[in-house]
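# Overview (structure and organization)
Chain by chain, the residues run as shown.
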Amino acid sequence: MTTPDRRGTRIAHIGVAVRALDDVLPFYRDVLGLPESPLDDADGARIAGLAAGDSLVELLEPAAADSPIARFVGKKGPGIHHVCFCVEDLDGTLARAKAAGIVLIDEVPRIGAEGKRIAFLHPKSTGGVLIELSEY
Ligand code: ZN
């Protein structure tokens, strides 16, 4: 088996908003068989990471009633919250997005749950999907 080519943009993780980790974790872990990958909590969410090949499923449980995930679940119910793409050049990608008229939620990258620099793009300019960009 060859080593997968990790260069270029790929899906880093899919963020799934849940009401409670215990409701959904057994499905991904025990039924689908995805190994758990410990992650720090971030943005007012408790996060469970599950490895699916080179990508992760991140289950996001609200840790506070006024957190972004709590607001999302309250408005839309549980479901896919965001898709994170890993890019080689985060600053360059953000600059291209801005030049293309994409609305940036984070004008300047910040540190995300995996300790990497991240930035979010607004769903109103990305076809309705909240997009996270993460640096390698
Ligand atoms: Zn994320």
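Residues numbered from 1 in each chain as written. Predicted model: local features only at pLDDT ≥ 70, side-chain atom pairs only at ≥ 80, totals over all residues. Heavy atoms only, no water.

### Here we look at the sheet that holds strand β3 (residues 45–52)
The eight strands lie next to each other as β2-β3-β4-β1-β5-β8-β7-β6, forming an open sheet whose pairing is mixed. Only two strands of the sheet have a single partner each, and these edge strands are β2 (36–37) and β6 (110–111). The sheet contact formed by strand β1 (residues 10–17) and strand β5 (residues 79–87) spans seven bridges and is antiparallel. Note that in β5 the partner of Ile14 across the bridge is Val83. Its contacts with the sheet put helix α3 (residues 90–99) on β5, β7 (117–121) and β8 (131–135), and the angle it makes with β7 is roughly 15°. (Pairing = 2+ DSSP bridges. Helix = DSSP H or I, 4+ residues; strand = E, 2+ residues; numbered from the N terminus. Contact = heavy atoms within 4.5 Å. Axes fitted to C-alpha atoms, helices over the stretch in contact; angles between N-to-C directions.)

### Let's talk about α3
Within α3 the residues assigned to the buried category are Leu90, Gly92, Thr93, Leu94 and Ala97. Looking at the buried positions of α3, the neighbouring elements they touch are β5, β7 and β8. Its side-chain oxygen placed 3.4 Å from the backbone nitrogen of Asp91, Asp89 serves as the N-cap of α3. Taken from the residues just after α3, Gly101 is the one with a positive phi, measuring 85°. (Buried < 20%, exposed > 50% of the residue type's maximum accessible area, 1.4 Å probe, protein only. Polar contact = N/O pair within 3.5 Å; in protein donor to acceptor, adjacent residues only side chain to side chain.)

### Here we look at the coordination of the zinc ion
Looking at the metal site, the zinc ion is ligated by His13 (NE2), His82 (NE2) and Glu132 (OE), spaced 1.9 to 2.1 Å from it. Spacing between the donor residues of the zinc ion along the chain follows H-x68-H-x49-E. With His13 in strand β1 and Glu132 in strand β8, this residue pair connects regions lying 119 residues apart in the sequence. In terms of burial, His13 and Glu132 fall into one category: buried. (Donors = N, O, S within 2.8 Å, 3.2 Å for Na, K, Ca; no water.)

### Let's talk about the packing of aromatic side chains
If you walk through the whole model with that rule in mind, you get one aromatic pair. Arranged with centres 5.0 Å apart and planes meeting at 75°, the rings of Phe27 and Tyr28 form a pair that is edge-to-face. Given a relative accessible area of 39%, Phe27 falls into the partly exposed group. What makes Tyr28 buried here is its relative accessible area of 17%. (Phe/Tyr/Trp six-rings, centres within 6.5 Å; stacked < 30°, edge-to-face > 60°.)

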